[in-house]
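# Remarks on the overall topology
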Amino acid sequence: MEGSIYHILLVDDDEDDYIVTRDLLKDAERTNFQLDWVNTYELALATSLNPKYAAYLFDYRLGRNSGLELLQEVIQRGCQKPIILLTGLGDDEIDRQAMKMGAEDYLIKCQIDTHLLERSILHAIERKQAKEKQAELFEELKTVNQELTNFAYIVSHDLKAPLRGIASLTDWLISDYTDSLDESGKQMLNLLGQRTRRMSDLINGILEYSRVGRFNQNSIMLDPQQIIAISVKSLDLTTSTCVTIETDLPKLFANRTKIEQVFQNLISNAVSHNDKTEPKIRIGCIDAGKSWQFYVADNGPGIESRYFEKIFQIFQTLVAPDSSNSTGIGLAIVKKIIESYNGKIWVESEIGQGATFCFTLPKIEVIPEEFIG
Amino acid sequence: MKPADLILLVDDDLVDVMTVKRAFRELNGTNPLHITGNGEEALSFLNNTNQTLPKLILVDLNMPRMNGIELIQYIKNDQRLCSIPIVVLTTSQEPQDIRKSYNLSVAGYIVKSIKFTDFVSALKTVYEYWLLCEYI
């Protein structure tokens, strides 16, 4: 910055060092520095929160106290400006500690020249500003995330409550006023009831979708075979439905609920859209190098290629809402979960040939120790 | 609880109150039902010493002024009130609401179903259970 003055505070108990530092900074060509000097720990504390200073230079040795103590105290008191520690002797341990405590740089006095000092101060100011900016953005992101979480919650309660009211009133109209309604009136009320239930399913879908990635993030070692067995059981399939696991399935390190949701949604999807009297679902896994590639294949009607992308979008269904209970949320949830594990999901299908849903999950490189054995 | 004991319902939604009343009628429940629209009203009712205390409290979570969680907190911290069983009746399926409620030792957490018949059967189970239970 041309023309502007950077005020720097030096804390050093040795006046000679002050004079040397002052002269070094005076020679700086790019920057106009104004160096102030205090010589005790106490004076340093009193001056350190003065907003006019752009950066601080602390000597490591300050009488009874060390520059590290001062550094800690000043940061604790809320100092946001960069602090550079100066020392007579090079010491890697002090260097490490200084950085850990929040110092921006660590300079050895006998090695300092104008160029080094200027560069160190300017870089420290720049870095500190970048860090502040980053922290600001992080805070912003946190707020936006929180707002989104709250939004899903508000949608859940504030939209569901009146909807339930409409549904109840519709039910009561049907039961209490049956005799005074003609067929057409009854049909309208029945449709009204259906629509409110559908809307309720959609709202629950939004909630479920938004909940992926918000709760129960802990991962454990999972046996997909077992998870598939549980999913099949919970889906309460007809006896003519046949689910077979064709290959060995690798153990996964992931969140249990999420992997359950993946298999449950894919299997239930394969069954509910199946047009055969004996639905057959085949599940397996192949080694795809860096990742495992799972597949869930069915003998259903198949999907046209132009819908391959669309079916994974939220609320997209290929059948009219009145002819099915599907809300179009299941595959969107599966996609969100797979992508949260850096995997991919797609469908392979031809009309009349059934559909195969494939997804990849990266192989576990390092299993945390507590899960071994 | 006996069929003559008072039940307190804390809910701000008129249709929800109608739902509970209707469900009670269908169950042939004879218990008097006192209704308050939010936590503050419920507290002033409970703190009125001329009034007999309810033997069961059904409480909604999301209400104006004082919400269900705040009300439950208050009741559980009050020597005189803390032994009254509380059942949460709510729309919220949020894990955090469920956790907060059970952390405050509620006796149950029931999600209001959109289908009236489902709601009636849930309420029937709750009601019959508390009819079986001994009370102080």
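This text follows the structure it describes.
Report follows, based on the coordinates. (Residues numbered from 1 in each chain as written. Chains lettered and ligands numbered in written order. Predicted model: local features only at pLDDT ≥ 70, side-chain atom pairs only at ≥ 80, totals over all residues.)

## Things to note about the overall build of chain A
Of regular secondary structure, chain A possesses 9 helices and 14 strands. Of the contacts made within chain A by residues no fewer than 6 positions apart, 69% connect residues no fewer than 24 positions apart. (Helix = DSSP H or I, 4+ residues; strand = E, 2+ residues; numbered from the N terminus. Contact = placed C-beta atoms within 7 Å.)

## A few points about the environment of A:Ala46
All names here are of chain A. Relative to the elements of secondary structure, alanine 46 occurs in helix H2 (residues 41–47). Assessed through the 11 C-beta atoms surrounding it within 10 Å, alanine 46 is described here as exposed. Counting along the chain gives 28 residues from alanine 46 to valine 74, while the straight-line C-alpha distance between them is 9.6 Å. (Buried ≥ 20, exposed ≤ 12 C-beta atoms within 10 Å, placed from the backbone.)

## Some words on the nonpolar core
Residues and elements named next belong to chain A. Val262, Phe263, Leu266, Ile267, Val296 and Val334 are the most contacted members of the largest nonpolar core, which has 34 residues in total. Apart from residues no more than four positions distant in its own chain, phenylalanine 263 is found in contact with Ile227, Ile228 and Ser231. Counting 30 residues, the second-largest nonpolar core is a separate cluster that includes Ala54, Ala55, Leu62 and Ala124. (Core = buried A, V, L, I, M, F, W, Y, C linked by C-beta atoms within 7 Å.)

## Concerning the pairing of strand S2 (residues 33–36) of chain B
Residues and elements named next belong to chain B. Both strand S1 (residues 7–10) and S2 contribute to a ladder of 4 bridges, which runs parallel. Across the sheet, residue valine 10 finds its bridge partner in S2, namely threonine 36. With respect to chirality, the unit in which S1 leads through helix H1 (residues 14–26) into the neighbouring parallel S2 is right-handed. (Pairing = 2+ DSSP bridges. Right-handed = clockwise from strand over helix to strand, strands pointing away.)

## Structural notes on the sheet that holds strand S3 (residues 56–59) of chain B
In any sheet, the strands associate via hydrogen bonds between backbone groups, in a parallel or an antiparallel arrangement. Residues and elements named next belong to chain B. Strand order in this open sheet of 5 strands is S2-S1-S3-S4-S5, and the pairing throughout is parallel. Each having just a single partner strand, S2 and strand S5 (108–111) make up the two edges of the open sheet. Put simply, the sheet's adjacent strands are angled 20° from each other on average, direction ignored. (Axes fitted to C-alpha atoms, helices over the stretch in contact; angles between N-to-C directions.)

## Examining the interface of chain A and chain B
Facing the 15 residues of chain A at the interface are 11 residues of chain B. Elements with a minimum of two residues in the side of chain A that touches chain B: helix H5 (114–176) and helix H6 (183–211) of chain A. The element that contributes the greatest number of residues to the side of chain A that touches chain B is H5(A), accounting for 12 residues. Classifying every residue of the side of chain A that touches chain B by side-chain character gives 6 nonpolar, 5 polar and 4 charged. (Nonpolar A, V, L, I, M, F, W, Y, C, P; charged D, E, K, R; others polar.)

## Thoughts on the packing of helix H2 (residues 39–47) of chain B against helix H3 (residues 68–76) of chain B
Residues and elements named next belong to chain B. One can describe the packing of H2 onto H3 by two numbers: an axis separation of 9 Å at closest approach and a directional angle of 25°. As judged from the angle between their axes, H2 and H3 are roughly parallel. Both H2 and H3 take part in a crossing whose hand is right-handed. Touching Gly39, Ala42 and Leu43 of H2 are Gly68, Glu70, Leu71 and Tyr74, all from H3. Within the contact of H2 with H3, the residues separate by chemical class into 4 nonpolar, 2 polar and 1 charged. (Parallel < 35°, antiparallel > 145°, perpendicular 65-115°, else oblique. Left-handed = near helix turned anticlockwise from the far one by under 90°.)

## Some points on the sheet that holds strand S3 (residues 53–59) of chain A
Residues and elements named next belong to chain A. Spatially, 5 strands are ordered S2-S1-S3-S6-S7 in an open sheet, and the strand pairing comes out parallel. Each edge of the open sheet is held by one strand with a lone partner, namely strand S2 (32–38) and strand S7 (105–108). Adjacent strand axes in the sheet meet at a mean angle of 25° when their direction is disregarded. Note: strand S1 (residues 5–11) against S2, 7 bridges, orientation parallel. The residue of S2 that forms the bridge with isoleucine 8 is leucine 35. Docked against the sheet, helix H1 (residues 15–26) engages S1, S2 and S3, running at close to 170° with respect to S2.

## Some words on helix H5 (residues 116–132) of chain B
Side chains of residues three or four places apart in an α-helix project in the same direction, reflecting 3.6 residues per turn. Residues and elements named next belong to chain B. Its 17 residues place the ends of H5 24 Å apart at the C-alpha level, agreeing with the 24 Å of an ideal helix rising 1.5 Å per residue. The complete set of buried residues in H5 reads Phe116, Phe119, Leu123 and Tyr127. With its buried residues spanning 60° around the axis, H5 presents them on a single face. Along H5, exposed side chains directed more than 90 degrees from the buried face belong to Thr117, Asp118, Thr125, Glu128 and Leu132. (Expected span 1.5 Å × (residues − 1). Arc of directions from axis to C-beta.)

## Description of the packing of helix H3 (residues 67–76) of chain A against helix H4 (residues 92–101) of chain A
All names here are of chain A. In contact at an axis separation of 10 Å, H3 and H4 are set at 5° when each is read in the N-to-C sense. Viewed along their axes, H3 and H4 adopt a mutual orientation that is roughly parallel. Judged by residue contacts, Leu68, Leu71, Gln72 and Ile75 of H3 engage Gln97, Ala98 and Met101 from H4. Considering only residue class, the contact of H3 with H4 consists of 5 nonpolar, 2 polar and no charged.

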